[in-house]
Amino acid sequence: MNQEEFFALEVPEFQYLSYTVGGGIATVTIRRPDALNALNQDVLLELAQVSEVIAEDPEAKVAIFTGEGRAFVAGADINQIAGIADVFAAREFALLGQAVFNEIAALPLPTIAAVNGFALGGGLELALACDLRVASQKAKLGLPEVGLGIIPGFGGTQRLPRLIGRGRALDLIFTARHVPAEEALQLGLVNRVAEDALQAAQELARQILKNGPVALALAKESVSRGENLDLAEALEIEADLFGLACQTQDMKEGTKAFLEKRAANFKGE
Ligand SMILES: C/C=C/C(=O)SCCNC(=O)CCNC(=O)[C@H](O)C(C)(C)COP(=O)(O)OP(=O)(O)OC[C@H]1O[C@@H](n2cnc3c(N)ncnc32)[C@H](O)[C@@H]1OP(=O)(O)O
């Protein structure tokens, strides 16, 4: 077995997803358009698998998640929720969604949700597990679970207030309303609004890709690890990771390129 074969990436055959990678951008498209890409257990398990693929793929430097058709994801599958037998099964379902989205949130590279349409319930929770969100002008976002007599269970009650603040998050959760893209932008729920969410996400990814890959991963790690700590502890982490960044070839190349007034050629080392 030669080295290339040894390191050959195995991408499973997905039923509900497609995975492509090109120019450093990995793209995951959720494909269950007849149900507006609703997340049943199988889709969730495939999302877990694909996040392992992304983590292992040397070609993937930025990952984009999007949906086929007129929805990003219209939530967890309400048919499955309606059939949940007892409190234990319900808790397991929430824990499964949380575990999958935690895996996506922990990917050591920038992730972007290209919100091409409805991002409701578990769909918004998936977008919240990504680092950045780009919405199409026709996108609608929200956590409508209380309208079904349940609460957000895939991280929404935790990630949404951390992103936009408690008052704004509880407004969305209590009213169950669908927020249009422009309002989502004002709320800080999305980073950009564009006519074509995927195209705008790809442009954003290309902008990110100009920068040092190790530095991107370390910057994400610093923000993620510091998020739930007090400032003094979090600043220690930042200093440690700054130290690591300064040990990289990318740092040598980035600073040299600046001084030589040319574009840096980062190797991700
Ligand atoms: C822990 C996490 C919990 C959750 O995430 S709970 C779920 C939260 N999400 C929601 O409550 C949104 C549910 N969906 C809707 O409210 C509506 O859809 C929309 C407003 C998004 C779109 O409405 P319209 O344009 O009229 O389309 P349509 O005919 O309702 O949907 C097309 C097909 O998609 C199925 N579908 C939509 N969302 C879900 C879902 N979340 N779970 C299962 N199926 C869903 C429908 O039933 C229908 O299917 P058919 O054509 O066979 O009647």
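Residues numbered from 1 in each chain as written. Predicted model: local features only at pLDDT ≥ 70, side-chain atom pairs only at ≥ 80, totals over all residues. Heavy atoms only, no water.

### Here's the deal with the sheet that holds strand 1 (residues 17–22)
Item 1. The 6 strands are arranged 1-2-3-5-7-10 in an open sheet whose pairing can be described as mixed. Strands with a single pairing partner mark the edges of an open sheet, and in this sheet they are strand 1 and strand 10 (192–194). On average, each strand axis in the sheet is tilted by 20° relative to the strand beside it, whichever way the strands run.
Item 2. Alignment of strand 1 against strand 2 (residues 25–30), held across 6 bridges, turns out to be antiparallel. (Pairing = 2+ DSSP bridges. Helix = DSSP H or I, 4+ residues; strand = E, 2+ residues; numbered from the N terminus. Axes fitted to C-alpha atoms, helices over the stretch in contact; angles between N-to-C directions.)

### Some words on the environment of Val21
Item 1. Among the structural elements, Val21 can be located in strand 1.
Item 2. For Val21 and Ala176, which are 155 residues apart along the polypeptide, the C-alpha to C-alpha distance reads 36 Å.
Item 3. Discounting residues that sit within four places of it in the chain, Val21 has contacts with Ala26, Asp57, Glu59 and Ala60. (Contact = heavy atoms within 4.5 Å.)

### Details of the site of the ligand
Item 1. Inspection of the region around the ligand gives 23 residues, with Arg70, Ala74, Ala76, Ile78 and Gly122 positioned closest.
Item 2. Between Arg70 and the ligand, the recorded distance is 2.8 Å, taken from a side-chain N or O atom to an oxygen atom.
Item 3. Relative to its free-state accessible area of 960 Å², the ligand is covered by the protein chains to the extent of 62%.
Item 4. Looking at the shell around the ligand, the elements with two or more residues in it are helix 3 (78–82), strand 6 (118–120) and helix 5 (122–129).
Item 5. When the residues that make up the shell around the ligand are grouped by side-chain class, the tally is 13 nonpolar, 5 polar and 5 charged. (Near = heavy atom within 4 Å. Polar contact = N/O pair within 3.5 Å; in protein donor to acceptor, adjacent residues only side chain to side chain. Areas by Shrake-Rupley, 256 points an atom, 1.4 Å probe, with all protein chains shown as cover. Nonpolar A, V, L, I, M, F, W, Y, C, P; charged D, E, K, R; others polar.)

### Focus: the domain arrangement of the protein
Item 1. Examined at the domain level, the protein breaks down into domain 1 (3–209) and domain 2 (213–259).
Item 2. One C-alpha centre belongs to domain 1, the other to domain 2; they are set 26 Å apart.
Item 3. Contacts between the two partners involve 10 residues from domain 1 and, on the opposite side, 4 residues from domain 2.
Item 4. Buried surface at the junction of domain 1 and domain 2, summed over both partners, amounts to about 500 Å²; 58% is from carbon and sulfur atoms.
Item 5. The tally of links from domain 1 across to domain 2 stands at 1 salt bridge. (Domains from an automatic or database assignment. Buried area = accessible area lost by both parts, 1.4 Å probe. Salt bridge = Lys/Arg side-chain N within 4 Å of Asp/Glu carboxyl O.)

### Re the environment of Leu241
Item 1. Along the chain, Leu241 turns up in helix 11 (residues 231–245).
Item 2. Residues Leu241 and Ala105 lie 136 residues apart in sequence; the distance between their C-alpha atoms is 19 Å.
Item 3. Each residue touching Leu241, except ones within four places of it in the same chain, is listed here: Leu218, Glu221, Ser222 and Arg225.

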